[in-house]
Amino acid sequence: MSLTESCRNELRTAISQLNGRCLYSAAKWAAEQLVGIKQDPAKYTPSNTRFQRGSSSICRRFRTNEISSTLVAGVSYVSTPVMEEDEVVDSDFYLLAKSYFDCREYRRAAHVLRDQTGKKSVFLRCYALYLAGEKRKEEEMIELEGPLGKSDAVNRELISLERELSTLRKNGTMDPFILYLYGLVLKDKGSENLARIVLVESVNSYPWNWNSWLELQSLCTTIDILNSINLNNHWMKDFFLASTYQELRMHNEALTKYEYLQGTFGFSNYLQAQIAKAQYSLREFEQVEVVFEELLRNDPYRVEDMDMYSNVLYAKECFSALSYLAHRVFTTDKYRPESCCIIGNYYSLKGQHEKSVVYFRRALKLNKNYLSAWTLMGHEYVEMKNTPAAIDAYRRAVDINPCDYRAWYGLGQAYEMMHMPFYALHYFRKSVFLQPNDSRLWIAMAQCYETEQLHMLEEAIKCYRRAANCNDSEAIALNQLAKLHHALGRDEEAAFYYKKDLERMEAEEREGPNMVEALIFLATHCRAHNRFEDAEVYCTRLLDYTGPVSFTTFLAFMVYTETGQPLYKFLEEKNYQNRFTHVLTSL
């Protein structure tokens, strides 16, 4: 049997076992990867591969290195034996309890299994109690919530569950699923180190439970922690590493892993969505848009991850596409947090910020820990000039995920609006630490250094340099570098950056005040250094400038040349009329 066939058989068995233990999200994930495995054309008819056709063009377009072999070729993977079911005596009670569980009657399910001792029954009983505690916690949060939904509600089942599960572990009577639940309980109680150890045991003994990998991922907050855990070399480890790299903002490494996995799981919608997420973090919006468009063609009722697609459409100001997406998710499932965020983005793009906040709040009623909704709601409050509410929303976002650079950046913006640059600078530094390749964050920090309260121009120059090296798409950094160097009397450096800015504007076929400013300075600079031919070139380009301020521009240049002052400063002087006559006679 080939290793690819082995992956397929393992997933088929795992799906049945995960469904049998009511781990439905893990079973769904495994089923998506099962269908995502490339089929052998010689063995399967076109009807069997119909679902997979839509993703093939994505595989071709976004695979940087063509992978001709599967991910398992040339790698020694550990063979994990598939668990055997141990329920015979408990089966009738288990079926009843599972029926109650599926109807969300968790305590009733746990009660049915109170005297059953099989591992499968013990897991479902404890898992039902855990979810009953979570359900009650959510109800208390709604009943007792403070400002913006803050509450101290806790899962009251954690203490008894930890006591029982720790005893089972000491007795050596735990299976991988009970280990997963024990790790979940320990994590919720704050025992992160022990939780990490237990979850590693769980995934090493049963690697097909994606829920367990995700809980372990949430505990790997640094690359050092990730490198310290001892994982078996199973092919599921590659999925885990790729996802964890992405959470640790190692986006290029994550892309490399995902492209490697495409060698076998080439038609996996999950992989395509993860690749799009990594490219979104790298701000490659054009490629992200293509991936999501094809994902929707292949899976038209997909809601998962579509909120990220709406962020891309929002950034590109694609009104019609965002309107279509909002209508599609509304008709598919309007009470999903992702759907509410997409509709909120749609109203935000239309400038209806109050209505946008309504939908972000609706998303948070459906999922209090939905990070994107807190951050986007903070952005809306900033637009509405409601700074205190924006700060509360951003703080909730960083409480949920301290690695969310957008929330830290939002806090910086909010404090900047309140004219508190020291606080703003603190938060901008946090955001730029988490996302050092985003030019917008460096520019925000530079502008903070330029404020009257700080006036740290050298630090601002350093930030603008970093922004210029991070592909400054808004074309701010080079112009600001030139201005700051000129303000500090470094005309050679200013001329260098004005020239670079001019070259960039020419390459992008842009015109505007920045081009005029660069031409005026460079012409003046060349004239002052007796480089008359260069000065003539810049003056000629200034005369040929077709913008709406062409005459005023040239007049400003002459004023600057004769007096060394910008035009607006020149006109502020009391005796500017006499000096103005002198300038005109020199034309």
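Our subject is the structure listed above.
Described in the following lines is the structure provided in the data block. (Residues numbered from 1 in each chain as written. Predicted model: local features only at pLDDT ≥ 70, side-chain atom pairs only at ≥ 80, totals over all residues. Heavy atoms only, no water.)

## Thoughts on the overall build of the protein chain
Within the protein chain one finds 32 helices and 0 strands. In the protein chain, buried positions account for 52% of the 587 residues. Sequence-distant contacts, at least 24 apart, represent 58% of the contacts inside the protein chain between residues at least 6 apart. Total accessible area on the protein chain is roughly 28,500 Å²; 51% of this is exposed by carbon and sulfur atoms. (Helix = DSSP H or I, 4+ residues; strand = E, 2+ residues; numbered from the N terminus. Buried < 20%, exposed > 50% of the residue type's maximum accessible area, 1.4 Å probe, protein only. Contact = heavy atoms within 4.5 Å. Areas by Shrake-Rupley, 256 points an atom, 1.4 Å probe, with all protein chains shown as cover.)

## A closer look at the side chain of Ser 243
Inspection of the secondary structure puts Ser 243 in helix α12 (residues 236–247). Residues within four places of Ser 243 in sequence aside, it is in contact with Trp 210, Gln 217, Tyr 258 and Tyr 270.

## Topic: unusual backbone geometry
A negative phi angle characterises most non-glycine residues, just as the trans form characterises most peptide bonds. Phi at His 419 is positive, roughly 60 degrees, even though this residue is not glycine. Note on placement: His 419 falls in the loop between α22 (405–417) and α23 (421–434). Judged by its relative accessible area of 64%, His 419 is exposed. For Asn 530, which is not a glycine, the phi torsion comes out positive at approximately 60 degrees. Position of Asn 530 among the secondary structure elements: in the loop between α28 (513–528) and α29 (532–544). On the accessibility criterion, Asn 530 (55% relative accessible area) is exposed.

## With respect to the environment of Gln 274
Its location among the elements puts Gln 274 in helix α14 (residues 269–281). For Gln 274, a relative accessible area of 7% corresponds to the buried category. With residues near it in sequence (within four places) discarded, Gln 274 still touches Gln 246 and Tyr 258.

## What to know about the pattern of salt bridges
Per the counting criterion, the structure on display carries 29 salt bridges. The partner of Glu 5 in a salt bridge is Arg 8, and the shortest N-O contact between them spans 2.3 Å. In this pair, Glu 5 and Arg 8 both sit in helix α1 (residues 3–20), 3 residues apart, roughly one turn of the helix. Given a relative accessible area of 2%, Arg 8 falls into the buried group. Where Arg 125 meets Glu 164, a salt bridge forms, and the shortest distance between an N and an O atom there is 2.5 Å. One end of the pair, Arg 125, is in helix α6 (residues 119–144); the other, Glu 164, is in helix α7 (residues 158–171), and 39 residues separate them in sequence. Judged by relative accessible area, which is 12%, Arg 125 ranks as buried. Overall, Glu 164 belongs to the partly exposed group, its relative accessible area being 25%. Linked through salt bridges whose partners overlap, the residues forming this network are Arg 136, Glu 139, Glu 140 and Arg 156. (Salt bridge = Lys/Arg side-chain N within 4 Å of Asp/Glu carboxyl O.)

## Side note on the nonpolar core
Formed by 78 residues in total, the largest nonpolar core has its most connected members in Leu 18, Phe 101, Leu 165, Leu 216, Phe 239 and Phe 240. The element contributing the most residues to this core is α6, with 10 residues. For Leu 216, the contacting residues outside a window of four places in its chain are Arg 196, Leu 199, Val 200, Val 203, Ile 229, Leu 231 and Phe 240. In terms of nonpolar packing, the next biggest core, distinct from the first, is built from 74 residues, Cys 340, Ala 373, Ala 393 and Trp 408 among them. (Core = buried A, V, L, I, M, F, W, Y, C linked by side-chain atoms within 4.5 Å.)

## Points about the environment of Cys 403
Along the chain, the position of Cys 403 falls in the loop between α21 (387–400) and α22. Overall, the relative accessible area of 30% leaves Cys 403 in the partly exposed class. Sequence-wise, Cys 403 and Arg 249 are 154 residues apart; in three dimensions their C-alpha atoms are separated by 9.0 Å. Beyond its immediate sequence surroundings of up to four residues, Cys 403 is in contact with Arg 249 and Leu 434.

## Some thoughts on the packing of helix α10 (residues 210–219) against α12
A pair of packed helices is characterised by two quantities: the angle between their axes and the separation of those axes. At their nearest, the axes of α10 and α12 sit 10 Å apart, and the two run at 35 degrees to each other. Regarding α10 and α12, the two cross each other, and that crossing is right-handed. Along the contact surface, α10 presents Trp 210, Trp 213, Leu 216 and Gln 217, while α12 presents Met 236, Lys 237, Phe 239, Phe 240, Ser 243, Thr 244 and Glu 247. (Axes fitted to C-alpha atoms, helices over the stretch in contact; angles between N-to-C directions. Left-handed = near helix turned anticlockwise from the far one by under 90°.)

## Topic: the packing of aromatic side chains
For the structure shown, the criterion picks out 25 aromatic pairs. When the ring of Phe 239 is compared with that of Phe 265, the centres are 5.1 Å apart and the planes differ by 75 degrees; the resulting orientation is edge-to-face. Note that Phe 239 is positioned in helix α12 and Phe 265 in the loop between α13 (251–261) and α14, a separation of 26 residues in sequence. Judged by relative accessible area, Phe 239 falls into the buried class, the value being 0%. Considering the side-chain rings of Phe 239 and Tyr 270, the 6.3 Å spacing of their centres and the 45 degrees angle between planes classify their relative orientation as tilted. Of this pair, Phe 239 sits in helix α12 while Tyr 270 sits in helix α14, and the two are 31 residues apart along the sequence. Pair check on accessibility: Phe 239 and Tyr 270 agree, each one buried. Across the ring face of Tyr 359, the terminal group of Arg 362 is positioned such that the distance to the ring centre comes to 4.8 Å. (Phe/Tyr/Trp six-rings, centres within 6.5 Å; stacked < 30°, edge-to-face > 60°. Lys NZ or Arg CZ within 6 Å of the ring centre and 35° of its normal.)

## Describing helix α24 (residues 439–449)
Most of α24 sits inside the fold, with 9 of its 11 residues counted as buried. Regarding α24, the residues found buried are Ser 439, Leu 441, Trp 442, Ile 443, Ala 444, Met 445, Ala 446, Cys 448 and Tyr 449. Looking at the packing, one finds that the buried side of α24 touches α22, α23, α25 (457–469) and α26 (477–487).

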